[in-house]
Amino acid sequence: SNYYRYNYIPSGGTDTNNSTDTALPSTETQTGAVASDDKSSIDATTTNLQELGVDESDILKHDGKYIFSIDSVNKQIFITSFENIALKNYKAINTISIASLGSVVAMYLQNNRLILISNETNYLLTDGGANDSMVAKPALYTNSQSAKITIYDTTNINNIVELSSYAIDGTYEESRLINGKLFFITKFYPEVQYDYPKIYVDTICSKLNMQEIYGSCSSTTPVLMSDVALANQTESCTYGADYYTYQDNQCYIYNYDEDGKTWKYDYENPIVTSENFTPKIVSNGVTSELIEPSKFYVPQKLDQDSTITTISTFDIEGAIYKESISFLGNTQTYYASLTSLYLVSNEYPLYYNFDNFEERQMIYKFALNDTLSYKGRGFVDGTMLNQFSMSEKDEYLRVATTKGNTWSGAGTENSVFTLKENNETLEVKGSLSGLGKEGERIMAVRFIGDRGFVVTFKQTDPLYTLDLSNPLSPKAVGELSIPGFSRYLHVVDENRVLSIGRDADTITGQALGLQLQLFNVTDFTNPQLVDKTTIGSSYTYSSAEYNHKAFIYRPSDLMFGLQYTDFESTSSTQNFGIYKIDGMSIKKVHTMSKPLVDYYWGDENRGLIFDLNSTSYGALFEGSNILGDTILEGE
């Protein structure tokens, strides 16, 4: 047997225009030249969060002085400083090797603690050999998957120390870091492996002349004659005299030993060779059960998925595992407030027949107190778009869903529900339906305080303003229909909302260029589009449309930025656009560009805006590749 590690690399390519230190360290960390002065940035952008105080993982983090970036291509954490970026010195100050961690997908940086999150899959390859009927057996693969957490002390940037490492059976799904406690969500798939005994039988098949059954059709390699071979035979093709006896007696269901004995697998009496029903957690070579029976919830449901979803907590300061809570069921969407964690499963539709069913989603609620606790579950009709489809305020959960034939756009219904926990049940307390026109689906959602914003789309973009001050009776109070659609909504203040999306053809609904829009919601019952900026064409792409972490925003001066790629046949470019909200308009501040040499779908970039020595700077990171410049307003 041999082990093969498979690591999914989310980004690739190198920037030949930038000078970077890409050598892997021979030890856990590599020491480089630290910035000469103890200078920290002022007012640097951070990961764009849905909820204040609820940190989300990212591929780039900083502590105000040092910047940490995941460099998957070179299997390292690339570390630099704001001062070096301002000087356009793009060499690493230090690096951390991640070659042994599998695929590092995200990280946190808080209070001198760097937390790396990775997935690893080990494939066990067993040589299948060949059976006695001259048919090669396929190689047998088994795999073990684990989600890893590795915690480092970054107090001394030149001597970063690993404090602890944990591996949990399964795959990493999502996480949140709140008040020094990491909430880590994993999925585990129970597995049973079987072997089947051989049954030897005495039939006419064992008496056939195997050489007669085999023939050749313009080939020197013996092949088993089949209907396909016969259909394609030529005059020069020969076949065995026993072929029809072989076919008529279904001899093809048997295997043959070298001496002609006939056998088949006994599928009715499998032999269990291994069982792995529950996940484990490993630390320092010690393996323990992850699931506690008293904290494992199994909801009643026929034919339910056997996937086990687990929430595990870690104390970051102490770098230690605390506890876990699990339930039987699959989940797809996750949202956390300061006090609650909600996990959503879309595997609970109501079926009437194959062509007639109603979509429903199950919502599980957990309290994030000193200890994790299960609080209840409830249903909503339809499906959610993403984590922004949920928001909690005053013990009420607000949820936006689309119900109906979303893949064809026929018969859709867009709604907002409010739910409240009561005796381990999330009860629907209020609802608002009828958002959007016929066939439209929700494209963007944002809840802020007692307000909500919902965008639906098919050919035009209706933006709805919602009054949620009475959770028992949510109301749509304003509507604005404009060309195009929004994918991400960012509330600037009580008077302005910024959106990222697409311009679109008003007749066909075909998406056009990338689009920034600014809405005036001073009169909440009468929202107005006051400015918009179109970037590029339909061949322009930005991950900020789908990933809010790729959008950066600085509230002190209302400056924001996003990466975008222009795919042109002759001069494709990688760009970092920086803009500013000035009153009721969007002002272009600066654009950094470089030729796009190599591109892989899945490449991830992160931008930064910061001040140092009374000067504003912008930088775009892709692993250890950095594009930086001084921001010149009014460019």
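Structure: see above.
K.L.:
I would appreciate a short explanation of the overall build of the protein chain in the present structure.
P.N.:
Along its length, the protein chain carries four helices and 50 strands. Burial status across the protein chain gives 51% buried among its 635 residues. In the protein chain, of all internal contacts separated by at least 6 residues, the share reaching a separation of at least 24 is 55%. Per element, the accessible surface of the protein chain, about 28,700 Å² overall, is 47% carbon and sulfur.

K.L.:
Where do I start with the environment of Thr 565 in this structure?
P.N.:
Relative to the helices and strands, Thr 565 resides in strand β45 (residues 559-566). Its relative accessible area of 0% is what places Thr 565 among the buried residues. With 31 residues separating them in the primary sequence, Thr 565 and Leu 596 have C-alpha atoms 8.1 Å apart. There is a polar contact of 2.9 Å between the side chain of Thr 565 and the side chain of Gln 574.

K.L.:
Can you walk me through the side chain of Thr 456 in this structure?
P.N.:
Mapped onto the secondary structure, Thr 456 falls in strand β36 (residues 451-457). Among the polar contacts listed, one links the side chain of Thr 456 to the side chain of Glu 440, at a separation of 2.9 Å.

K.L.:
Is there a simple way to think about the sheet that holds strand β26 (residues 340-345) in this case?
P.N.:
By way of backbone hydrogen bonds, the strands of a sheet pair with one another, either parallel or antiparallel. One open sheet accounts for four strands, arranged β25-β26-β29-β30; its pairing is antiparallel. The sheet is open, and its two borders are formed by β25 (333-336) and β30 (372-381), each paired with just one other strand. The sheet shows a mean angle of 20° between the axes of neighbouring strands, direction not considered. Taken together, the nine bridges between strand β29 (residues 360-368) and β30 define a ladder with antiparallel strand orientation. Bridge pairing in β30 links Gln 361 to Val 380.

Rules of the game
Residue indices begin from 1 for each chain and proceed along its sequence in written order. At least 70 in pLDDT is required for a residue's local features to be given in this predicted model, at least 80 for side-chain atom pairs to be given and counted, and no such filter applies to totals for whole chains, interfaces and linings, which use all residues. To get the side-chain values, take all heavy atoms of the structure and skip hydrogens and water. We count a stretch as a helix when DSSP gives it H or I for four or more residues in a row; a strand needs E for two or more, and each element gets its number in order from the N terminus. Exposed residues in this analysis have more than 50% of their type's maximum accessible area, buried residues have under 20%, and partly exposed residues fall in between, with area computed by a 1.4 Å probe over protein chains only. By definition, residues are in contact when any of their heavy atoms lie within 4.5 Å. For the accessible areas, the method is Shrake-Rupley and the probe is 1.4 Å, while residue cover comes only from the protein chains on display. Distance and chemistry together define a polar contact, namely a pair of N or O atoms within 3.5 Å, with one atom able to donate a hydrogen and the other to accept it when in protein, and with adjacent residues in sequence counting only for side-chain atoms on both sides. Pairing between strands is defined by DSSP: at least two bridges between them are needed. Angles shown run from 0 to 180 degrees and are taken between the N-to-C directions of axes, each axis being a line fitted to C-alpha atoms and, for helices, limited to the stretch in contact.

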